[in-house]
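Chain by chain, the residues run as shown.
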Amino acid sequence: MKFDIIQKTPLYTALSEVGKNIFLPEGIFYWAGRAKAEAKLIGTLGSAYGFEKDFINGGSSDWLPCYLKDITAYSKLSVEDIIPYKSIGGYSQTREIWKEWIIKKSLYQEKEEIQLSRLIKYITMPVITGGVTNGIFQASVLFLNPKEFIIVPNKRWGNYDNIIKKFIGAKMKSFEFFKQKKMNLEGLNDAINEVAKVQEKIIILLNFPNNPTGYVPKKEEANRLVDMLRNAQQIHNKPIIVLVDDAYEPYIYKDDALNRSIFYDLHQLDENVIPVKLDGITKELLIYGGRIGFITIGLKPSWINNDEELKKLKEEINNKLEGFIRATISNCNSFYQVLVHKLFQEKTMDKIIESRQPVNNLLKERYEKINSELLKIKNPNISIDPNSGGFFVFVNLNPAKIKATEFANHLLNKYKVGIIPVENLDEKINGLRIAYCSIDLSEIPELVKRINLALNDF
Ligand SMILES: Cc1ncc(COP(=O)(O)O)c(C=O)c1O
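We now examine the nonpolar core. Counting 80 residues, the largest nonpolar core has Phe 143 and Leu 243 as its most contacted members. By residue number, the principal contributor to this core is helix H8 (residues 131–143), which donates seven residues. The contact partners of Leu 243, leaving out residues within four places of it in the chain, are Ala 139, Ser 140, Phe 143, Ile 150, Ile 203, Ile 204, Leu 205, Leu 206, Val 276 and Leu 278. Counting residues in each nonpolar core, the second largest holds 55 residues, with Tyr 108, Ile 128, Ile 204 and Val 340 among its members.

Okay, here's the thing in C-alpha coordinates:
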(Lines give C-alpha, C1' and ligand atoms only; values in the text may rest on other atoms or scores of the structure.)
Protein backbone atom coordinates (compact mmCIF):
# COMPACT_ATOMS: atom_id res chain seq x y z
CA MET A 1 0.00 0.00 0.00
CA LYS A 2 1.14 3.51 -0.75
CA PHE A 3 0.79 6.08 2.01
CA ASP A 4 0.44 9.13 -0.21
CA ILE A 5 -2.39 10.83 1.61
CA ILE A 6 -1.39 10.32 5.21
CA GLN A 7 2.10 11.58 4.43
CA LYS A 8 0.67 14.99 3.64
CA THR A 9 -1.18 15.28 6.95
CA PRO A 10 -0.03 16.59 10.36
CA LEU A 11 -0.96 13.16 11.69
CA TYR A 12 2.03 11.74 9.84
CA THR A 13 4.35 14.40 11.28
CA ALA A 14 3.24 13.26 14.71
CA LEU A 15 3.88 9.54 14.15
CA SER A 16 6.83 7.84 15.80
CA GLU A 17 9.39 5.95 13.75
CA VAL A 18 7.36 2.79 14.42
CA GLY A 19 4.20 4.60 13.36
CA LYS A 20 5.87 5.76 10.16
CA ASN A 21 7.35 2.37 9.32
CA ILE A 22 4.59 -0.01 10.28
CA PHE A 23 2.15 -1.36 7.70
CA LEU A 24 0.33 -4.58 7.03
CA PRO A 25 2.20 -6.52 4.35
CA GLU A 26 -0.07 -7.84 1.65
CA GLY A 27 1.62 -11.27 1.29
CA ILE A 28 -0.73 -13.86 2.78
CA PHE A 29 -3.82 -11.67 2.43
CA TYR A 30 -3.15 -10.98 -1.22
CA TRP A 31 -2.82 -14.69 -2.06
CA ALA A 32 -5.70 -15.73 0.20
CA GLY A 33 -7.97 -13.15 -1.46
CA ARG A 34 -6.99 -14.26 -4.92
CA ALA A 35 -7.42 -17.93 -4.01
CA LYS A 36 -10.92 -17.26 -2.74
CA ALA A 37 -11.87 -15.59 -5.99
CA GLU A 38 -9.95 -17.72 -8.48
CA ALA A 39 -8.96 -21.14 -7.09
CA LYS A 40 -10.80 -24.45 -7.11
CA LEU A 41 -8.63 -26.01 -4.40
CA ILE A 42 -7.69 -23.65 -1.61
CA GLY A 43 -4.70 -24.30 0.62
CA THR A 44 -4.16 -20.81 2.00
CA LEU A 45 -5.97 -20.75 5.36
CA GLY A 46 -3.76 -21.51 8.39
CA SER A 47 -6.53 -23.02 10.55
CA ALA A 48 -7.60 -26.66 10.61
CA TYR A 49 -10.94 -27.26 8.85
CA GLY A 50 -12.78 -30.47 8.03
CA PHE A 51 -16.16 -32.15 7.60
CA GLU A 52 -17.57 -32.15 11.10
CA LYS A 53 -18.35 -35.89 10.99
CA ASP A 54 -14.65 -36.60 10.40
CA PHE A 55 -13.59 -35.17 13.75
CA ILE A 56 -16.75 -35.23 15.95
CA ASN A 57 -18.67 -38.40 16.71
CA GLY A 58 -22.13 -37.99 15.13
CA GLY A 59 -21.09 -34.70 13.46
CA SER A 60 -22.64 -33.21 10.34
CA SER A 61 -21.32 -33.08 6.81
CA ASP A 62 -20.68 -29.34 7.17
CA TRP A 63 -17.23 -28.01 6.45
CA LEU A 64 -16.28 -26.41 9.76
CA PRO A 65 -13.29 -25.27 11.76
CA CYS A 66 -12.06 -28.29 13.71
CA TYR A 67 -12.98 -27.95 17.39
CA LEU A 68 -13.21 -29.94 20.60
CA LYS A 69 -16.75 -31.09 21.24
CA ASP A 70 -16.66 -30.32 24.95
CA ILE A 71 -16.30 -26.59 24.44
CA THR A 72 -19.79 -26.34 22.96
CA ALA A 73 -21.27 -27.05 26.39
CA TYR A 74 -20.20 -23.59 27.57
CA SER A 75 -21.75 -21.27 25.02
CA LYS A 76 -24.84 -20.82 22.93
CA LEU A 77 -22.77 -19.12 20.26
CA SER A 78 -22.06 -21.22 17.20
CA VAL A 79 -18.75 -22.88 16.50
CA GLU A 80 -18.40 -20.76 13.37
CA ASP A 81 -18.83 -17.65 15.46
CA ILE A 82 -16.30 -18.36 18.15
CA ILE A 83 -13.66 -20.69 16.74
CA PRO A 84 -12.15 -18.92 13.71
CA TYR A 85 -9.81 -15.97 13.90
CA LYS A 86 -11.48 -12.63 13.42
CA SER A 87 -9.96 -10.11 11.00
CA ILE A 88 -6.85 -8.32 12.20
CA GLY A 89 -8.59 -4.98 12.72
CA GLY A 90 -11.52 -6.77 14.32
CA TYR A 91 -14.84 -8.32 13.39
CA SER A 92 -16.28 -5.86 10.86
CA GLN A 93 -19.81 -5.99 12.28
CA THR A 94 -18.53 -5.16 15.77
CA ARG A 95 -16.36 -2.35 14.42
CA GLU A 96 -19.31 -0.83 12.60
CA ILE A 97 -21.54 -1.11 15.63
CA TRP A 98 -18.94 0.52 17.79
CA LYS A 99 -18.70 3.43 15.36
CA GLU A 100 -22.47 3.88 15.70
CA TRP A 101 -22.10 3.62 19.46
CA ILE A 102 -19.46 6.38 19.39
CA ILE A 103 -21.88 8.52 17.39
CA LYS A 104 -24.65 7.77 19.89
CA LYS A 105 -22.38 8.65 22.82
CA SER A 106 -21.70 12.08 21.28
CA LEU A 107 -25.26 13.06 22.34
CA TYR A 108 -25.45 15.30 19.26
CA GLN A 109 -29.07 15.95 18.44
CA GLU A 110 -30.38 15.97 14.90
CA LYS A 111 -30.45 19.74 14.92
CA GLU A 112 -26.70 19.77 15.51
CA GLU A 113 -26.38 18.71 11.93
CA ILE A 114 -22.94 20.17 11.23
CA GLN A 115 -21.32 18.54 14.25
CA LEU A 116 -23.05 15.25 13.63
CA SER A 117 -22.08 15.03 9.99
CA ARG A 118 -18.47 15.92 10.79
CA LEU A 119 -18.39 13.18 13.39
CA ILE A 120 -19.89 10.58 11.09
CA LYS A 121 -17.69 11.45 8.16
CA TYR A 122 -14.36 12.25 9.76
CA ILE A 123 -13.65 9.51 12.25
CA THR A 124 -11.83 6.32 11.34
CA MET A 125 -13.54 2.94 11.63
CA PRO A 126 -12.59 1.81 15.16
CA VAL A 127 -10.00 -0.97 15.25
CA ILE A 128 -10.30 -3.60 17.95
CA THR A 129 -7.61 -3.91 20.60
CA GLY A 130 -7.01 -6.11 23.61
CA GLY A 131 -8.87 -3.84 26.06
CA VAL A 132 -8.31 -0.14 26.64
CA THR A 133 -4.84 -0.87 28.03
CA ASN A 134 -3.76 -2.29 24.71
CA GLY A 135 -5.30 0.71 22.93
CA ILE A 136 -3.27 3.05 25.13
CA PHE A 137 -0.17 0.98 24.45
CA GLN A 138 -0.69 0.95 20.69
CA ALA A 139 -1.49 4.63 20.47
CA SER A 140 1.52 5.49 22.63
CA VAL A 141 3.90 3.46 20.47
CA LEU A 142 2.43 4.91 17.30
CA PHE A 143 3.15 8.46 18.36
CA LEU A 144 6.08 8.34 20.77
CA ASN A 145 9.73 7.67 20.08
CA PRO A 146 12.05 6.82 22.95
CA LYS A 147 13.13 9.99 24.79
CA GLU A 148 10.25 12.04 23.40
CA PHE A 149 7.82 13.77 25.74
CA ILE A 150 4.19 13.03 26.43
CA ILE A 151 2.28 15.43 28.67
CA VAL A 152 0.34 13.78 31.50
CA PRO A 153 -1.27 14.98 34.73
CA ASN A 154 0.56 14.11 37.92
CA LYS A 155 -2.55 12.20 39.03
CA ARG A 156 -2.89 9.44 36.49
CA TRP A 157 -3.32 5.70 36.13
CA GLY A 158 -0.02 4.10 37.21
CA ASN A 159 0.10 1.78 34.22
CA TYR A 160 0.79 4.77 31.91
CA ASP A 161 4.23 4.94 33.48
CA ASN A 162 4.89 1.29 32.71
CA ILE A 163 3.90 1.72 29.09
CA ILE A 164 5.48 5.08 28.41
CA LYS A 165 8.59 5.18 30.54
CA LYS A 166 9.53 1.55 31.02
CA PHE A 167 8.33 0.03 27.77
CA ILE A 168 8.82 2.80 25.21
CA GLY A 169 11.58 4.69 26.99
CA ALA A 170 9.76 7.98 26.41
CA LYS A 171 9.56 10.78 28.97
CA MET A 172 6.63 12.20 30.86
CA LYS A 173 6.15 15.93 31.22
CA SER A 174 3.90 15.93 34.22
CA PHE A 175 1.76 18.90 35.29
CA GLU A 176 -0.10 19.35 38.54
CA PHE A 177 -3.65 18.27 37.75
CA PHE A 178 -5.45 20.68 40.06
CA LYS A 179 -5.10 24.26 41.12
CA GLN A 180 -7.64 25.59 43.59
CA LYS A 181 -9.92 22.60 43.05
CA LYS A 182 -10.05 23.14 39.30
CA MET A 183 -8.12 21.53 36.49
CA ASN A 184 -4.81 23.36 36.21
CA LEU A 185 -5.04 24.59 32.63
CA GLU A 186 -2.16 26.99 33.19
CA GLY A 187 0.05 24.05 34.18
CA LEU A 188 -0.99 22.14 31.08
CA ASN A 189 -0.36 25.18 28.92
CA ASP A 190 3.11 25.65 30.42
CA ALA A 191 3.89 21.99 29.77
CA ILE A 192 2.80 22.42 26.13
CA ASN A 193 5.01 25.50 25.77
CA GLU A 194 8.01 23.62 27.14
CA VAL A 195 7.50 20.55 24.98
CA ALA A 196 6.94 22.73 21.90
CA LYS A 197 10.49 24.06 22.34
CA VAL A 198 12.00 20.61 21.82
CA GLN A 199 9.51 18.66 19.70
CA GLU A 200 7.73 19.02 16.38
CA LYS A 201 4.59 17.52 17.89
CA ILE A 202 2.80 17.68 21.19
CA ILE A 203 1.31 14.51 22.65
CA ILE A 204 -1.06 14.71 25.62
CA LEU A 205 -2.83 11.94 27.50
CA LEU A 206 -6.10 12.81 29.22
CA ASN A 207 -8.53 10.61 31.12
CA PHE A 208 -11.99 11.67 32.32
CA PRO A 209 -13.47 10.38 34.58
CA ASN A 210 -9.99 10.17 35.92
CA ASN A 211 -8.26 7.36 37.72
CA PRO A 212 -7.32 7.93 40.58
CA THR A 213 -9.38 11.07 41.34
CA GLY A 214 -12.78 10.63 39.68
CA TYR A 215 -12.38 14.11 38.20
CA VAL A 216 -14.53 15.15 35.22
CA PRO A 217 -14.32 18.77 34.07
CA LYS A 218 -17.39 20.91 34.48
CA LYS A 219 -18.85 21.90 31.13
CA GLU A 220 -17.37 25.40 31.27
CA GLU A 221 -13.99 24.02 32.39
CA ALA A 222 -14.09 21.66 29.41
CA ASN A 223 -14.79 24.62 27.09
CA ARG A 224 -11.80 26.43 28.51
CA LEU A 225 -9.63 23.34 28.06
CA VAL A 226 -10.70 23.02 24.42
CA ASP A 227 -10.08 26.75 23.80
CA MET A 228 -6.69 26.53 25.43
CA LEU A 229 -5.66 23.61 23.21
CA ARG A 230 -6.97 25.42 20.14
CA ASN A 231 -4.92 28.53 21.00
CA ALA A 232 -1.82 26.49 21.81
CA GLN A 233 -2.08 24.74 18.44
CA GLN A 234 -2.40 28.07 16.63
CA ILE A 235 0.54 29.60 18.51
CA HIS A 236 2.95 26.69 18.05
CA ASN A 237 1.66 25.51 14.70
CA LYS A 238 2.54 21.92 15.57
CA PRO A 239 0.11 19.01 15.69
CA ILE A 240 -1.32 18.36 19.12
CA ILE A 241 -2.31 14.72 19.55
CA VAL A 242 -4.67 14.12 22.46
CA LEU A 243 -4.92 10.51 23.54
CA VAL A 244 -8.32 10.37 25.22
CA ASP A 245 -8.55 7.48 27.66
CA ASP A 246 -12.31 6.96 27.92
CA ALA A 247 -12.22 3.77 30.00
CA TYR A 248 -14.84 5.15 32.47
CA GLU A 249 -16.82 7.21 29.94
CA PRO A 250 -20.42 6.52 31.01
CA TYR A 251 -19.97 6.98 34.75
CA ILE A 252 -20.81 10.64 35.37
CA TYR A 253 -22.77 11.55 38.49
CA LYS A 254 -23.17 15.33 38.44
CA ASP A 255 -25.30 17.43 36.12
CA ASP A 256 -22.77 20.21 35.69
CA ALA A 257 -19.99 17.78 34.64
CA LEU A 258 -19.13 17.25 31.00
CA ASN A 259 -21.47 14.45 30.03
CA ARG A 260 -19.60 13.11 27.04
CA SER A 261 -16.01 12.42 26.13
CA ILE A 262 -13.77 15.43 25.47
CA PHE A 263 -12.96 13.61 22.20
CA TYR A 264 -16.03 15.11 20.56
CA ASP A 265 -15.29 18.78 21.20
CA LEU A 266 -11.65 18.34 20.19
CA HIS A 267 -12.71 16.63 17.00
CA GLN A 268 -14.91 19.59 16.05
CA LEU A 269 -11.94 21.97 16.11
CA ASP A 270 -10.59 22.95 12.70
CA GLU A 271 -7.13 23.32 14.18
CA ASN A 272 -4.78 20.33 14.24
CA VAL A 273 -5.74 19.23 17.70
CA ILE A 274 -6.10 15.56 16.83
CA PRO A 275 -8.02 13.40 19.28
CA VAL A 276 -7.55 9.65 19.52
CA LYS A 277 -10.39 7.91 21.29
CA LEU A 278 -9.49 4.90 23.41
CA ASP A 279 -12.53 3.14 24.80
CA GLY A 280 -13.80 -0.41 25.27
CA ILE A 281 -16.34 -2.85 26.60
CA THR A 282 -14.36 -3.57 29.75
CA LYS A 283 -15.78 -0.98 32.14
CA GLU A 284 -18.25 0.65 29.80
CA LEU A 285 -20.27 -2.51 29.25
CA LEU A 286 -19.04 -4.09 32.47
CA ILE A 287 -17.18 -6.95 30.78
CA TYR A 288 -13.76 -6.43 32.30
CA GLY A 289 -12.36 -9.80 31.29
CA GLY A 290 -13.72 -9.51 27.75
CA ARG A 291 -10.57 -7.57 26.82
CA ILE A 292 -12.08 -5.72 23.88
CA GLY A 293 -11.09 -2.09 23.31
CA PHE A 294 -11.15 0.29 20.35
CA ILE A 295 -8.94 2.96 18.78
CA THR A 296 -10.70 5.66 16.78
CA ILE A 297 -8.92 8.68 15.32
CA GLY A 298 -10.55 12.06 14.69
CA LEU A 299 -9.55 13.43 11.27
CA LYS A 300 -9.76 17.02 10.01
CA PRO A 301 -11.58 18.13 6.84
CA SER A 302 -8.66 20.42 5.89
CA TRP A 303 -6.37 17.40 5.35
CA ILE A 304 -8.06 16.19 2.19
CA ASN A 305 -9.40 17.61 -1.04
CA ASN A 306 -12.26 15.22 -1.76
CA ASP A 307 -14.11 12.11 -0.63
CA GLU A 308 -11.80 9.83 -2.56
CA GLU A 309 -8.80 11.14 -0.62
CA LEU A 310 -10.72 10.77 2.64
CA LYS A 311 -11.44 7.14 1.81
CA LYS A 312 -7.77 6.52 1.00
CA LEU A 313 -6.64 8.28 4.15
CA LYS A 314 -8.86 6.06 6.26
CA GLU A 315 -7.53 2.97 4.44
CA GLU A 316 -3.95 4.05 5.02
CA ILE A 317 -4.51 4.66 8.72
CA ASN A 318 -6.38 1.39 9.04
CA ASN A 319 -3.53 -0.44 7.34
CA LYS A 320 -1.01 1.02 9.77
CA LEU A 321 -3.13 0.17 12.79
CA GLU A 322 -3.69 -3.34 11.48
CA GLY A 323 0.04 -3.70 10.85
CA PHE A 324 0.59 -2.83 14.47
CA ILE A 325 -2.08 -5.23 15.72
CA ARG A 326 -0.70 -8.00 13.52
CA ALA A 327 2.79 -7.46 14.91
CA THR A 328 1.71 -7.49 18.54
CA ILE A 329 -1.50 -9.38 19.32
CA SER A 330 -2.35 -10.66 15.81
CA ASN A 331 -6.09 -10.20 16.43
CA CYS A 332 -8.51 -10.14 19.35
CA ASN A 333 -10.69 -12.66 21.11
CA SER A 334 -13.44 -13.83 18.72
CA PHE A 335 -15.92 -14.83 21.41
CA TYR A 336 -16.26 -11.38 22.92
CA GLN A 337 -16.26 -9.60 19.57
CA VAL A 338 -19.23 -11.74 18.55
CA LEU A 339 -20.86 -11.33 21.94
CA VAL A 340 -20.75 -7.53 21.57
CA HIS A 341 -22.19 -7.77 18.08
CA LYS A 342 -25.04 -10.02 19.25
CA LEU A 343 -25.75 -7.79 22.22
CA PHE A 344 -26.17 -4.74 19.99
CA GLN A 345 -28.08 -6.73 17.41
CA GLU A 346 -30.59 -8.01 19.91
CA LYS A 347 -30.92 -4.89 22.03
CA THR A 348 -31.16 -1.30 20.92
CA MET A 349 -28.51 1.05 22.25
CA ASP A 350 -31.13 2.68 24.44
CA LYS A 351 -31.94 -0.72 25.94
CA ILE A 352 -28.27 -1.37 26.66
CA ILE A 353 -27.99 1.99 28.39
CA GLU A 354 -31.17 1.22 30.30
CA SER A 355 -29.90 -2.15 31.47
CA ARG A 356 -26.69 -0.51 32.72
CA GLN A 357 -28.63 2.17 34.58
CA PRO A 358 -28.96 0.21 37.86
CA VAL A 359 -25.15 0.02 38.01
CA ASN A 360 -24.87 3.77 37.34
CA ASN A 361 -27.40 4.38 40.11
CA LEU A 362 -25.55 2.12 42.52
CA LEU A 363 -22.25 3.88 41.84
CA LYS A 364 -23.85 7.32 42.06
CA GLU A 365 -25.25 6.54 45.51
CA ARG A 366 -21.85 5.38 46.69
CA TYR A 367 -20.21 8.45 45.13
CA GLU A 368 -22.59 10.74 47.03
CA LYS A 369 -22.19 8.79 50.25
CA ILE A 370 -18.42 8.64 50.25
CA ASN A 371 -18.10 12.33 49.43
CA SER A 372 -20.54 13.36 52.14
CA GLU A 373 -18.87 11.09 54.71
CA LEU A 374 -15.39 12.33 53.82
CA LEU A 375 -16.57 15.92 54.14
CA LYS A 376 -17.47 15.23 57.76
CA ILE A 377 -13.80 14.64 58.59
CA LYS A 378 -12.46 17.83 60.09
CA ASN A 379 -8.74 17.40 59.77
CA PRO A 380 -6.39 20.04 58.35
CA ASN A 381 -4.07 17.33 57.01
CA ILE A 382 -6.45 16.05 54.34
CA SER A 383 -8.20 17.38 51.27
CA ILE A 384 -10.44 15.68 48.72
CA ASP A 385 -9.84 16.18 45.01
CA PRO A 386 -12.79 17.37 42.92
CA ASN A 387 -14.64 14.35 41.60
CA SER A 388 -17.88 13.70 39.79
CA GLY A 389 -17.54 10.37 38.04
CA GLY A 390 -15.74 7.09 37.56
CA PHE A 391 -14.87 4.54 40.21
CA PHE A 392 -12.59 6.40 42.62
CA VAL A 393 -12.11 9.28 45.01
CA PHE A 394 -8.72 10.67 46.04
CA VAL A 395 -7.81 11.91 49.50
CA ASN A 396 -4.65 14.04 49.67
CA LEU A 397 -2.56 13.83 52.83
CA ASN A 398 -0.25 16.53 54.07
CA PRO A 399 3.18 15.05 53.29
CA ALA A 400 4.82 16.97 56.13
CA LYS A 401 2.66 15.05 58.61
CA ILE A 402 1.60 11.79 57.00
CA LYS A 403 3.21 9.69 54.30
CA ALA A 404 0.60 7.89 52.19
CA THR A 405 2.28 4.48 52.19
CA GLU A 406 2.89 4.59 55.92
CA PHE A 407 -0.73 5.61 56.47
CA ALA A 408 -2.10 2.82 54.25
CA ASN A 409 0.00 0.33 56.14
CA HIS A 410 -1.26 1.61 59.50
CA LEU A 411 -4.87 1.65 58.26
CA LEU A 412 -4.57 -1.94 57.15
CA ASN A 413 -2.76 -3.21 60.24
CA LYS A 414 -4.79 -1.48 62.90
CA TYR A 415 -8.18 -0.87 61.26
CA LYS A 416 -8.25 -3.65 58.65
CA VAL A 417 -9.06 -1.24 55.81
CA GLY A 418 -7.38 -1.65 52.43
CA ILE A 419 -7.00 1.29 50.05
CA ILE A 420 -4.28 2.22 47.54
CA PRO A 421 -1.66 4.76 48.65
CA VAL A 422 -0.14 6.90 45.90
CA GLU A 423 3.10 8.50 47.01
CA ASN A 424 5.28 10.32 44.53
CA LEU A 425 6.62 13.40 46.23
CA ASP A 426 8.62 14.48 43.16
CA GLU A 427 5.31 14.94 41.38
CA LYS A 428 3.61 16.37 44.48
CA ILE A 429 1.33 13.43 45.14
CA ASN A 430 0.75 11.92 48.52
CA GLY A 431 -2.68 10.46 49.03
CA LEU A 432 -5.14 7.61 49.04
CA ARG A 433 -7.19 6.24 46.19
CA ILE A 434 -10.44 4.80 47.47
CA ALA A 435 -12.20 2.49 45.02
CA TYR A 436 -15.81 3.01 46.12
CA CYS A 437 -16.88 1.07 43.04
CA SER A 438 -16.24 -2.09 45.02
CA ILE A 439 -17.56 -1.11 48.46
CA ASP A 440 -21.21 -1.60 49.38
CA LEU A 441 -23.07 1.57 50.31
CA SER A 442 -23.76 0.27 53.81
CA GLU A 443 -20.02 -0.12 54.52
CA ILE A 444 -18.96 3.33 53.40
CA PRO A 445 -19.64 5.16 56.71
CA GLU A 446 -17.62 2.55 58.61
CA LEU A 447 -14.78 2.75 56.11
CA VAL A 448 -14.59 6.52 56.41
CA LYS A 449 -14.90 6.32 60.20
CA ARG A 450 -11.87 4.04 60.32
CA ILE A 451 -9.90 6.33 58.03
CA ASN A 452 -10.73 9.19 60.38
CA LEU A 453 -9.60 7.19 63.41
CA ALA A 454 -6.37 6.31 61.66
CA LEU A 455 -5.79 9.97 60.79
CA ASN A 456 -6.09 10.88 64.45
CA ASP A 457 -3.22 8.47 65.20
CA PHE A 458 -0.81 10.67 63.22
C1 LIG B 1 -7.65 5.10 33.44
C2 LIG B 1 -7.69 3.69 32.98
N3 LIG B 1 -7.53 3.42 31.69
C4 LIG B 1 -7.54 2.15 31.23
C5 LIG B 1 -7.72 1.10 32.08
C6 LIG B 1 -7.68 -0.30 31.55
O7 LIG B 1 -8.84 -0.71 30.94
P8 LIG B 1 -8.94 -2.16 30.30
O9 LIG B 1 -9.36 -3.09 31.37
O10 LIG B 1 -9.95 -1.99 29.22
O11 LIG B 1 -7.62 -2.51 29.74
C12 LIG B 1 -7.88 1.32 33.45
C13 LIG B 1 -8.04 0.18 34.36
O14 LIG B 1 -7.89 0.19 35.52
C15 LIG B 1 -7.86 2.65 33.91
O16 LIG B 1 -8.02 2.93 35.20
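To continue, consider the packing of aromatic side chains. Taken as a whole and assessed by the stated rule, the structure comprises 25 aromatic pairs. On the numbers, 5.9 Å between centres and 75 degrees between planes, the contact of Phe 208 with Tyr 215 is edge-to-face. Phe 208 gets classed as buried once you look at its relative accessible area, which sits at 8%. Judged by its relative accessible area of 2%, Tyr 215 is buried. Taking the ring centre of Tyr 12 as reference, the NZ or CZ of Lys 20 above it sits at 5.4 Å. The cationic tip of Lys 86 hangs over the ring face of Tyr 91; the distance from NZ or CZ to the ring centre is 4.7 Å.

Our next topic: the packing of helix H10 (residues 185–198) against helix H11 (residues 219–236). Running from N to C, H10 and H11 cross one another at 20 degrees; their axes reach a closest spacing of 11 Å. Considered as vectors, H10 and H11 are oriented roughly parallel to each other. The handedness of the crossing between H10 and H11 comes out as right-handed. Counted together, Leu 185, Leu 188, Asn 189, Ile 192, Asn 193 and Ala 196 of H10 and Glu 221, Arg 224, Leu 225, Met 228, Leu 229, Ala 232 and His 236 of H11 form the full contact between these two elements. Taken together, the residues of the contact of H10 with H11 sort by class into eight nonpolar, three polar and two charged.

Our next topic: the side chain of Asp 161. Considering the arrangement of structural elements, one finds Asp 161 in helix H9 (residues 159–168). Of the residues examined, Asp 161 reaches a relative accessible area of 15% and is grouped as buried. Setting aside chain neighbours within four positions, we find Asp 161 in contact with Arg 156, Lys 166 and Met 172.

Once that is clear, we can look at the packing of H8 against H9. For the pair H8 and H9, interaxial distance at closest approach is 10 Å and the crossing angle is 35 degrees. In this structure, H8 crosses over H9, and the sense of that crossing is right-handed. The segment H8 lies against H9, with Thr 133, Ile 136, Phe 137, Ser 140 and Val 141 engaging Asn 159, Tyr 160, Ile 163, Ile 164, Phe 167 and Ile 168. Residue composition of the contact of H8 with H9, by class: eight nonpolar, three polar and no charged.

With that settled, the discussion passes to the sheet that holds strand E15 (residues 429–435). Strand order across the open sheet formed by four strands is E12-E13-E15-E14, with antiparallel pairing between neighbours. In this open sheet, the two edge strands, each paired with only one partner strand, are strand E12 (382–384) and strand E14 (420–424). Pairs of neighbouring strands in the sheet enclose a mean axial angle of 25 degrees, with direction left out of account. Relative to strand E13 (residues 392–397), helix H16 (residues 349–375) is tilted by about 15 degrees, and along the sheet it contacts E12, E13 and E15. Where helix H17 (residues 404–415) meets the sheet, it contacts E13, E14 and E15, and its direction lies at approximately 160 degrees from that of E14.

With that out of the way, let us pick up a nonpolar patch on the surface. Taken together, Leu 68, Ile 71, Tyr 74 and Ile 83 make up a surface patch of nonpolar side chains, about 440 Å² in accessible area. Topologically, Ile 83 is positioned in the loop between helix H5 (79–82) and helix H6 (92–105). Owing to a relative accessible area of 30%, Ile 83 belongs among the partly exposed residues under this scheme.

Pro 209 follows Phe 208 through a cis peptide bond whose omega is -15 degrees. With respect to the helices and strands, the residue Pro 209 is situated in the loop between strand E8 (202–207) and H11. Along the chain, Asn 211 connects to Pro 212 via a cis peptide bond; the corresponding omega equals 25 degrees. Residue placement: Pro 212 occurs in the loop between E8 and H11. Positive phi is not limited to glycine here, since Ser 330 has a value of about 70 degrees. Position of Ser 330 relative to the elements: it lies in the loop between helix H14 (307–328) and helix H15 (334–346).

What counts, and at which threshold
Residues numbered from 1 in each chain as written. Predicted model: local features only at pLDDT ≥ 70, side-chain atom pairs only at ≥ 80, totals over all residues. Heavy atoms only, no water. Core = buried A, V, L, I, M, F, W, Y, C linked by side-chain atoms within 4.5 Å. Buried < 20%, exposed > 50% of the residue type's maximum accessible area, 1.4 Å probe, protein only. Helix = DSSP H or I, 4+ residues; strand = E, 2+ residues; numbered from the N terminus. Contact = heavy atoms within 4.5 Å. Phe/Tyr/Trp six-rings, centres within 6.5 Å; stacked < 30°, edge-to-face > 60°. Lys NZ or Arg CZ within 6 Å of the ring centre and 35° of its normal. Axes fitted to C-alpha atoms, helices over the stretch in contact; angles between N-to-C directions. Parallel < 35°, antiparallel > 145°, perpendicular 65-115°, else oblique. Left-handed = near helix turned anticlockwise from the far one by under 90°. Nonpolar A, V, L, I, M, F, W, Y, C, P; charged D, E, K, R; others polar. Pairing = 2+ DSSP bridges. Patch = residues over 30% accessible without salt bridge, like charges linked within 9 Å, V, L, I, M, F, W, Y side chains within 5 Å. Areas by Shrake-Rupley, 256 points an atom, 1.4 Å probe, with all protein chains shown as cover. Salt bridge = Lys/Arg side-chain N within 4 Å of Asp/Glu carboxyl O.

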